[in-house]
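# Structural overview
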Amino acid sequence: MKSVKVALEKYFSDNWTETPIRFQGDKLKPDTRFIEINFIPIDRTIYSTGNGRGRKRDLIQFKVSCFDSSSTLVFGLEDKVREFLECYEESDTDYNFYVGEGVPSGRGATALDNGVFVSISLYEVRNYN
């Protein structure tokens, strides 16, 4: 799973230009407009017993939190993240993963105490190895 986390973070670092990014564990002190990404391993299953070691599928939740100064702006930023990330796939010798659609967390745009709004989308990532 480590290689998938590294690959997704690299994809964002190399290609996302819309806002600053706060990666999991970062001490970044961003402006009011930024995104935060979190990598959350959920499950692992064996889907084939071939080659003696088995073929495994990792299920990962990729959480993207969007922050902006109004509910309208935060939803616009969330749309840009969806356009950037949905249906993204990558393949390497260490991983073969696919990112599904962004599903809203169901909380809408939540006002924080500092005048910033946050909206969260969850992406299911399937990695086959």
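Above: the structure in question.
Residues numbered from 1 in each chain as written. Predicted model: local features only at pLDDT ≥ 70, side-chain atom pairs only at ≥ 80, totals over all residues. Heavy atoms only, no water.

So, on to the overall build of the chain. Regarding its fold elements, the chain presents two helices and seven strands. If you list the helices and strands of the chain from N to C, you get α-β-β-β-α-β-β-β-β. Oriented by its inertia axes, the alpha-carbon framework of the chain measures out at about 55 × 30 × 25 Å. Of all intrachain contacts in the chain linking residues separated by at least 6 positions in sequence, the fraction that spans at least 24 positions is 58%. When the accessible surface of the chain is split by element, carbon and sulfur atoms take 48% of a total near 7,500 Å². Taking the 17 positively charged and 20 negatively charged side chains of the chain as two groups, their mean positions are separated by 7 Å. (Helix = DSSP H or I, 4+ residues; strand = E, 2+ residues; numbered from the N terminus. Contact = heavy atoms within 4.5 Å. Areas by Shrake-Rupley, 256 points an atom, 1.4 Å probe, with all protein chains shown as cover. Lys, Arg positive; Asp, Glu negative; His and termini not counted. Charge placed at Lys NZ, Arg CZ, Asp CG, Glu CD.)

A few words on the side chain of S65. In this fold, S65 is placed in strand β3 (residues 55-68). If we skip the residues at most four places from it in the chain, S65 touches F34, I35, E36, V118, S119 and I120.

Scanning the entire structure with this criterion turns up zero disulfides. Cysteine C66 is unpaired, with the sulfur of C87 as its nearest cysteine sulfur at 17 Å. (Disulfide = S-S within 2.5 Å.)

This next bit is on the pattern of salt bridges. Pairing between side chains becomes possible if they bear opposite charge and their charged atoms approach one another. Under the criterion given, the structure shown has nine salt bridges. Taking the shortest distance from any N to any O, the salt bridge between R33 and E18 comes out at 3.8 Å. On the criterion of sequence distance, the pair formed by R33 in the loop between β1 (21-23) and β2 (34-48) and E18 in the loop between α1 (2-15) and β1 is long-range, its members being 15 residues apart. You can call R33 partly exposed: its relative accessible area is 28%. Here K80 ties to E18 by a salt bridge, and the two come within 3.2 Å at their closest N and O atoms. Taken as a pair, K80 in helix α2 (residues 71-85) and E18 in the loop between α1 and β1 lie far apart in primary sequence, 62 residues in all. (Salt bridge = Lys/Arg side-chain N within 4 Å of Asp/Glu carboxyl O. Buried < 20%, exposed > 50% of the residue type's maximum accessible area, 1.4 Å probe, protein only.)

The next point concerns the layout of surface pockets. Of the volumes computed, that of the largest pocket is approximately 170 Å³. If you trace the largest pocket, you find it lined by I42, L59, I60, Q61, Y98, G100, E101, V103, L122, Y123, E124 and R126. When contributions to the lining of the largest pocket are tallied by element, the ones reaching two or more residues are β3, β5 (96-104) and β7 (117-128). Grouping the constituent residues of the lining of the largest pocket by class yields seven nonpolar, two polar and three charged. (1 Å grid on protein atoms, 1.4 Å probe; cavity = no way out; pocket = protein on both sides within 12 Å on 5 of 7 lines; lining within 4 Å. Points joined across faces, edges and corners; volume = space filled by probe spheres on them. Nonpolar A, V, L, I, M, F, W, Y, C, P; charged D, E, K, R; others polar.)

A word on the packing of aromatic side chains. Here the distance between the centres and the angle between the planes together describe a pair of aromatic rings. Applying the stated criterion across every chain yields a total of nine aromatic pairs. Seen from their ring centres, Y11 and Y88 are 3.8 Å apart, and the 15 degrees between their planes marks the pair as stacked. Taken together, the residues span a long stretch of sequence, with Y11 in helix α1 and Y88 in the loop between α2 and β4 (89-91) at a distance of 77 residues. In this pair, the class of Y11 matches that of Y88, namely buried. With centroids separated by 5.2 Å and ring planes inclined at 70 degrees, the aromatic side chains of W16 and F84 adopt a geometry described as edge-to-face. In this pair, W16 sits in the loop between α1 and β1 while F84 sits in helix α2, placing the two residues 68 residues apart along the sequence. (Phe/Tyr/Trp six-rings, centres within 6.5 Å; stacked < 30°, edge-to-face > 60°.)

Attention now goes to the pairing of β7. Regular strands place their side chains on alternate faces of the sheet. Where β5 lies against β7, six bridges are found, and the strand directions are antiparallel. Residue pairing in the sheet places V103 in a bridge with L122 of β7. In this structure, strand β6 (residues 110-111) lies alongside β7, joined through two bridges in antiparallel fashion. Paired with T110 across the bridge in β7 is V118. (Pairing = 2+ DSSP bridges.)

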